[in-house]
Amino acid sequence: MELCNQHYYATRDPFGTRGDFTTAPEISQIFGELIGAWLAQQWLQLGSPKAVLCELGPGRGTLMKDILRATRNVLQFHASILIRMVETSPVLQALQKQTLQGSHPDIAWKTTLDDLPSLPLMLVANEFFDALPIRQFVGDEERNVIHLNGQLTFSPQGEVTREDSPASAAVMQQILTALHQQGGTALLIDYGYNGGQQKDTLQAVRQHAFCDPLTHLGEVDLTAHVDFAALTAQAQATGLQTAYTTQGDFLRRLGAELRATALCRSASESQRHQILSSLERLLSPEQMGALFKVLAITSSLENPIGF
Ligand code: SAH
């Protein structure tokens, strides 16, 4: 899964109607604007420190661009932050550089979370953890992929009973160590679950449709649902404060509908239709609103996360 996704992201821009899938920042600017407002609020609550704003897996760079535009007028915010983009794909790094040209004087790219400046951390990751490799188990046995009679197949056969993601736990531990040592806040958004019976959530997507994960290796998007209960337990074990809700609830509380109304005021009829249908896509429980979850983690125990 790791090798397949590395190849997949390193060789294309997978987003949008002409690609394989579409993410929230590509659907509406409101998504990034509200996250910008939330991050700025958290930064004020941390006492307006000099801080690192870090994005994991930034795709086309659209989310960061919207965050920066929306926070332009927050006094001292831009002057107080350094931006670090963590991206393994050279193709997407190049795209992000293009998107963010002129957006901020101090933006640098890295391929891992190692060696971030030791300053309070403001971290955001949208649809990042779902792309990290998982393990699956059939009973006590790990399910592998084997080459048999000229084709790839799962072994042992049988129903998957459990899955986990050591890769996600490792990235999470890096975030938690930074938050614990330097202070700060992280916001993780992904589709996933919080407890309950989750078994086989591995999925492959190509051109907006599900497909077989063992064919077209490295040419399709492989993901798994994120286990938010595991991430939350890990954060709480470090003594950090967490909050968890759905994407729909998170964006509504931050004023998504008000922002859409404001955008509609200066829009044409067709733009209005586009603004409102995109908003519906982000908020509605039948679309992304309930499937996507938001986990916030902060070192600031005396301040509320706000949801
Ligand atoms: N956040 C973006 C893109 C989500 S797709 C959006 O919402 O549109 C996943 C992103 O994570 C891509 O940019 C991909 O190249 C990147 N990525 C995947 N695995 C990674 C890893 N191990 N380290 C850093 N980036 C990774």
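Right, let's walk through the structure included here. (Residues numbered from 1 in each chain as written. Predicted model: local features only at pLDDT ≥ 70, side-chain atom pairs only at ≥ 80, totals over all residues. Heavy atoms only, no water.)

With that settled, consider the site of the ligand. Of all residues adjacent to the ligand, which total 16 residues, the nearest are T23, G57, G59, E87 and N126. Contacts to the ligand include T23, whose side-chain N or O atom sits 2.5 Å from an oxygen atom. Here a nitrogen atom of the ligand sits 3.4 Å away from a polar atom, N or O, in the side chain of T88. Counted by class, the shell around the ligand contains eight nonpolar, six polar and two charged residues. (Near = heavy atom within 4 Å. Polar contact = N/O pair within 3.5 Å; in protein donor to acceptor, adjacent residues only side chain to side chain. Nonpolar A, V, L, I, M, F, W, Y, C, P; charged D, E, K, R; others polar.)

Turning next to the packing of helix 3 (residues 29–45) against helix 4 (residues 62–70). Relative to each other, helix 3 and helix 4 sit at 55°, their axes nearing to 7 Å. On the basis of their axis angle, the class for helix 3 and helix 4 is oblique. In this structure, helix 3 crosses over helix 4, and the sense of that crossing is right-handed. In this structure, helix 3 contributes Q29, F31, G32, E33, I35, G36 and L39 to the contact, and helix 4 contributes L63, D66, I67, R69 and A70. Split into classes, the residues belonging to the contact of helix 3 with helix 4 amount to six nonpolar, three polar and three charged. (Axes fitted to C-alpha atoms, helices over the stretch in contact; angles between N-to-C directions. Helix = DSSP H or I, 4+ residues; strand = E, 2+ residues; numbered from the N terminus. Parallel < 35°, antiparallel > 145°, perpendicular 65-115°, else oblique. Left-handed = near helix turned anticlockwise from the far one by under 90°. Contact = heavy atoms within 4.5 Å.)

All right, on to the sheet that holds strand 6 (residues 141–142) then. Reading across the sheet, the three strands line up as 6-5-9 and stay open at both edges, with antiparallel pairing between neighbours. At either end of the open sheet lies a strand with only one pairing partner, and these are strand 6 and strand 9 (162–164). Examined bridge by bridge, strand 5 (residues 135–138) and strand 6 share two bridges and lie antiparallel to one another. What sits directly across from F137, in strand 6, is E142. (Pairing = 2+ DSSP bridges.)

What follows deals with the packing of aromatic side chains. Using the criterion set out here, one finds eight aromatic pairs in the structure. A ring pair is formed by W38 and F250, whose centres lie 6.2 Å apart and whose planes are at 65°; its orientation type is edge-to-face. You can see W38 sitting in helix 3 and its partner F250 sitting in helix 9 (residues 247–253), a full 212 residues away along the chain. Across this residue pair, the class does not change: W38 and F250 are buried. One residue, R162, lies across the ring of F137, its end atom 4.1 Å from the ring centre. (Phe/Tyr/Trp six-rings, centres within 6.5 Å; stacked < 30°, edge-to-face > 60°. Buried < 20%, exposed > 50% of the residue type's maximum accessible area, 1.4 Å probe, protein only. Lys NZ or Arg CZ within 6 Å of the ring centre and 35° of its normal.)

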